[in-house]
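Tertiary structure, described
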Amino acid sequence: MTNQSDRQADARSSTGTSLTYEGDSLAYFDSQSVPAGDYNGRLLAWINQALGTSYTEINGAKTALAIAGGAPTWDGLGLLGGAGGPPNFMSFSEDVTKFNFLTGGTGAAIPHVFSNGSTLTVGTKQALPDIPGGEVGKGFTCTGLCQDPDSTDIWVGNFGNSRGSGGTSTPISIVRLSADGSTLVSQAAAAEAVGGLQGVAFVTSSSPSLRCLAYVDGSSSKICFVNRDGSVPRAAMSTSFVPNALTWDDTRQALWVGDANSGDVWLITLAGVVIGAADFNGWGGPLDHLCVDTSRGTAGYLWTTSGANGSPGILIAWDIAKDQIVDRFLLDSAKAVEGLLVSGTSLKVVTDGYYHFSGSPPNTSAPFNVNELQTYTLAASLTQWRYARVYKSGEVTGPAVASGRRPYHLILDRGDGDTSADFCIVTRDADASINGLVANMAWSGKPFDPAGTANLGFRLLSGTMANKVFTGSSYTRNTFSATFASGANNTQLGTRGTFTPDRAVNVVGTALAVNLGSAAVPYKPRLGA
């Protein structure tokens, strides 16, 4: 049994022709930029092009194409493009971690790695009050901080153990304190926490109706819920990762949840559906705690803390609407920061320095080896920190060419220079097998601001960068064709003076591809090597 008629129909669907089987096939080869010749010669050339092989004998080549297309023999192959069309010579075609930076001139002065910002000086310090059963005069080991929505009181997580080595243990709980942290009001037992409590939040959900505390169990992949009186209002919510940082976003009616093992932060509804994200990987993370401040930006800021014990805590401001870091700071006296509250210019943090003064290093030494609430003052307006970065986009769903996978966000800044020596470029190497060949580079993207226009340079390592224009809210696939320099297979995306007009480029996209033959081929993902 042969599937020749199916292969012919597949060829016709691509070319719009209605010829003989051989005629439709030749038209298909034309569309794939296969060199002229007789049918068998062109078929052999196309198979080698599609598979990246160098067969010299037609029957072996046909069998190889069939197997690549999921059929045991050529007669069983139903689609002429069953191997996915011409191969994508770009490995890890959607992996943001595979890019390298190339900068020069004024672009070299724009950082593309995380660095600490200016230092904030503590305003006030308040020792945390003792809780029943704890060490006298030491307060309690705080972890997590949130505002009570119906009063000025705050809620602070109680880890349970008073020291990293030795000390006393108390039931794990969430402690209600006065606004200044000086007075114990009550406790809500965190009965479902089996491995030590981490982040805490206060949920004010309208649908489903829920008004309670939420907390992270430190040894499992779940978020638990508890009422002020210690009763449990609903079942715990499982996550696909081990969570740590936690805060409630009342505008979006969802929880921001930080991955304990990375800088990923996910926006998750109470039904467990991921509706957004923020990527801090390598940029101040893994993160300890989170807080939403609705007073800043057009859609609020997501504030987060991190840092090693014994060192000033790291504070980061993330603009939710812009999907990027605004600025970052050091907290001079928070040497074991374990929770934050931000509202306008007011910052409160708790630090559990007493817990970390002993046990495994790094340790917190005097005078920072205490459990206390600290206050700091933030500027009313923050200046955008200029940087370049490639990271996972806050969008959960990518363009159609990437089959719905998550895209990445490119912020590329060449500084204020406009000569050819001023550039900020990200590079990737295609397969070495296409060194020195004529190739087509393709990338699908859109400007981060749908009302704007983004100019992004495309280049194969041939000496010339071509400007590509992206507009609107939909993804556009742009291509660029050139001959790789002899022995080269490097592709580049970026901004460079005299070649691209935008000094700073802010785009979202994915589906990087390098093909031989026609540039207008369907995207074929290579998620691995």
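Further up the page is the structure itself.
Below, the structure is looked at part by part. (Residues numbered from 1 in each chain as written. Predicted model: local features only at pLDDT ≥ 70, side-chain atom pairs only at ≥ 80, totals over all residues. Heavy atoms only, no water.)

**Observations concerning the overall build of the chain**
- Per the secondary structure count, the chain includes 4 helices and 31 strands.
- Counting only contacts in the chain whose residues sit at least 6 apart along the sequence, the fraction spanning at least 24 positions is 60%.
- If you sum the accessible surface of the chain, you get close to 20200 Å²; carbon and sulfur atoms cover 52% of it. (Helix = DSSP H or I, 4+ residues; strand = E, 2+ residues; numbered from the N terminus. Contact = heavy atoms within 4.5 Å. Areas by Shrake-Rupley, 256 points an atom, 1.4 Å probe, with all protein chains shown as cover.)

**Thoughts on the packing of aromatic side chains**
- Considering all chains together, one arrives at 19 aromatic pairs under this definition.
- Arranged with centres 5.6 Å apart and planes meeting at 70°, the rings of Phe99 and Tyr408 form a pair that is edge-to-face. In this pair, Phe99 is assigned in the loop between helix H4 (58–68) and strand S1 (100–104) and Tyr408 in strand S24 (residues 408–413), connecting sequence segments 309 residues apart. Side by side, Phe99 and Tyr408 carry an identical accessibility label, which is buried.
- Each ring, one from Tyr301 and one from Trp303, has its centre 6.1 Å from the other, and the planes form 50°; the classification is tilted. (Phe/Tyr/Trp six-rings, centres within 6.5 Å; stacked < 30°, edge-to-face > 60°. Buried < 20%, exposed > 50% of the residue type's maximum accessible area, 1.4 Å probe, protein only.)

**Quick notes on the pairing of strand S15 (residues 274–279)**
- With 5 bridges joining them, strand S14 (residues 264–268) and S15 adopt antiparallel strand pairing. The partner of Ile268 across the bridge, within S15, is Val274.
- Counted between consecutive antiparallel strands, the loop separating S14 from S15 contains 5 residues, among which Gly272 sits at a positive phi close to 85°. (Pairing = 2+ DSSP bridges.)

**A closer look at unusual backbone geometry**
- A cis amide bond links Pro361 with the next residue in sequence, Pro362, at an omega value of 5°.
- Among the secondary structure elements, Pro362 is positioned in the loop between strand S21 (346–352) and strand S22 (371–377).
- In this structure, the amide linkage connecting Ala366 to the following residue, Pro367, adopts the cis form with an omega of 5°.
- You can see Pro367 is positioned in the loop between S21 and S22.
- Backbone geometry at Phe92 places phi at a positive 45°, although glycine is not the residue there.
- Position of Phe92 among the secondary structure elements: in the loop between H4 and S1.
- Taking relative accessible area as the criterion, Phe92 reaches 24% and is therefore assigned partly exposed.

**Topic: the sheet that holds strand S5 (residues 154–158)**
- Read from one edge to the other, the open sheet built from 4 strands follows the order S4-S5-S6-S7, with strand pairing classed as antiparallel. Each edge of the open sheet is held by one strand with a lone partner, namely strand S4 (142–147) and strand S7 (184–189). Strand-to-strand twist in this sheet, taken as the mean axis angle between neighbours without regard to direction, amounts to 25°.
- The sheet contact formed by S5 and strand S6 (residues 173–177) spans 5 bridges and is antiparallel. By the bridge assignment for S6, Val156 is matched with Val175. (Axes fitted to C-alpha atoms, helices over the stretch in contact; angles between N-to-C directions.)

**Observations concerning the pattern of salt bridges**
- A full pass over the atoms with the stated rule returns 21 salt bridges.
- Of the charged contacts, one joins Asp150 and Arg211 as a salt bridge, the two residues approaching to 2.7 Å between their closest N and O atoms. You can see Asp150 sitting in the loop between S4 and S5 and its partner Arg211 sitting in strand S9 (residues 209–217), a full 61 residues away along the chain.
- In this structure, Asp416 and Arg386 form a salt bridge, with 3.4 Å as the shortest nitrogen-oxygen distance. Placement of Asp416 in the loop between S24 and strand S25 (423–429) and of Arg386 in the loop between S22 and strand S23 (389–392) is noted, with a sequence separation of 30 residues between them.
- Classification of Arg386 by relative accessible area gives partly exposed; the value is 36%.
- Here the salt bridges share partners, and the residues they tie into one network are Asp148, Asp150, Asp153, Arg176, Arg211 and Arg228. (Salt bridge = Lys/Arg side-chain N within 4 Å of Asp/Glu carboxyl O.)

**Quick word on the pairing of S5**
- Of all the 5 residues making up S5, 5 are buried; the element is thus mostly covered by neighbouring parts of the structure.
- Summarising the sheet, S4 and S5 pair through 4 bridges and their orientation is antiparallel. By the bridge assignment for S5, Cys142 is matched with Asn158.
- In sequence, S4 turns back onto S5 through a hairpin of 6 residues.

**Side note on the side chain of Asn371**
- Take Asn371: it is sitting in strand S22.
- Given a relative accessible area of 5%, Asn371 falls into the buried group.
- Within the structure, the side chain of Asn371 is placed 3.2 Å from the backbone oxygen of Phe140, a separation counted as a polar contact.
- At 3.4 Å, the side chain of Asn371 and the backbone nitrogen of Tyr354 are in polar contact.
- Each residue touching Asn371, except ones within four places of it in the same chain, is listed here: Ala127, Leu128, Lys138, Gly139, Phe140, Thr141, Thr351, Asp352, Gly353, Tyr354 and Tyr355. (Polar contact = N/O pair within 3.5 Å; in protein donor to acceptor, adjacent residues only side chain to side chain.)

**A short note on the sheet that holds strand S3 (residues 124–127)**
- What the 4 strands build is an open sheet, ordered S3-S22-S21-S20; its pairing is antiparallel. Where the open sheet ends on each side, the last strands, each with one partner, are S3 and strand S20 (337–343). Going across the sheet, the axis of each strand differs from the next one's by a mean of 20°, ignoring polarity.
- Pairing of S3 with S22 involves 4 bridges; the strand directions are antiparallel. If you follow Gln126 over to S22, its bridge partner there is Leu373.

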